[in-house]
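# Close look at the chain arrangement
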Amino acid sequence: MSTADALPPKAPKLTGLAPKILIVSAPYYQQVVEGMLAAAREIFAQVHAELTVVEVSGAFELPQGVAIAARSGKGFDGYIALGCVVRGETDHYEFICAAAMDGLMRVAVDNGICLGTAVLTVDTLAQAMARSHETGANKGAEAAVACLRQIALARLMAI
């Protein structure tokens, strides 16, 4: 089953207070990231989440932005990272994709944070648009749901 065949994302039920969420976005491809941000907002609205949105320069800076926030003591319950990297003619694509994704996982595990990730790594801008604007396949919505599921797990484990 592909993501396009999946049911539309829906926020899981959470216990406790409405979550406090930080969205770190890299709006290099502005239309793509805005589409994912809008879908993430819709998911977070389902649980009345308190949102803070910040921007970094690009996908390479996403892990750094999440790490800075995680260490800030601002008390975020969860985070999502939104960005897009479109393959070009050089190896730059490979390096940026690997650094961004590995960096985000490292920050999440090292800091024990609830992180949803929607960093599109695509061959064409058309692929990115399809994953950031179509109903049911929006990766921003999926990242928001992933974040909320991690929060639900953390609350269940009382950490």
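Reading guide: rules and limits
- Residues numbered from 1 in each chain as written.
- Predicted model: local features only at pLDDT ≥ 70, side-chain atom pairs only at ≥ 80, totals over all residues.
- Heavy atoms only, no water.
- Pairing = 2+ DSSP bridges.
- Helix = DSSP H or I, 4+ residues; strand = E, 2+ residues; numbered from the N terminus.
- Axes fitted to C-alpha atoms, helices over the stretch in contact; angles between N-to-C directions.
- Contact = heavy atoms within 4.5 Å.
- Buried < 20%, exposed > 50% of the residue type's maximum accessible area, 1.4 Å probe, protein only.

### Digging into the sheet that holds strand S2 (residues 50-55)
- Across the sheet, which stays open at both edges, the four strands sit in the order S2-S1-S3-S4 with parallel pairing between neighbours. With partners counted over all chains shown, the strands left at the sheet margins are S2 and strand S4 (115-122), one partner each. Each adjacent strand pair in this sheet contributes to an overall mean axis angle of 15°, direction not counted.
- Summarising the sheet, strand S1 (residues 20-25) and strand S3 (residues 78-86) pair through five bridges and their orientation is parallel. Across the sheet, residue Ser 25 finds its bridge partner in S3, namely Leu 82.
- Where helix H2 (residues 62-70) meets the sheet, it contacts S1, S3 and S4, and its direction lies at approximately 165° from that of S3.
- The sheet strands contacting helix H5 (residues 139-156) are S1, S3 and S4, and the helix crosses S4 at an angle near 155°.

### What to know about the environment of Ala 45
- Its place among the elements puts Ala 45 in helix H1 (residues 30-45).
- For Ala 45, a relative accessible area of 48% translates into the label partly exposed.
- Linking Ala 45 and Thr 121, residues 76 residues apart in sequence, is a C-alpha distance of 27 Å.

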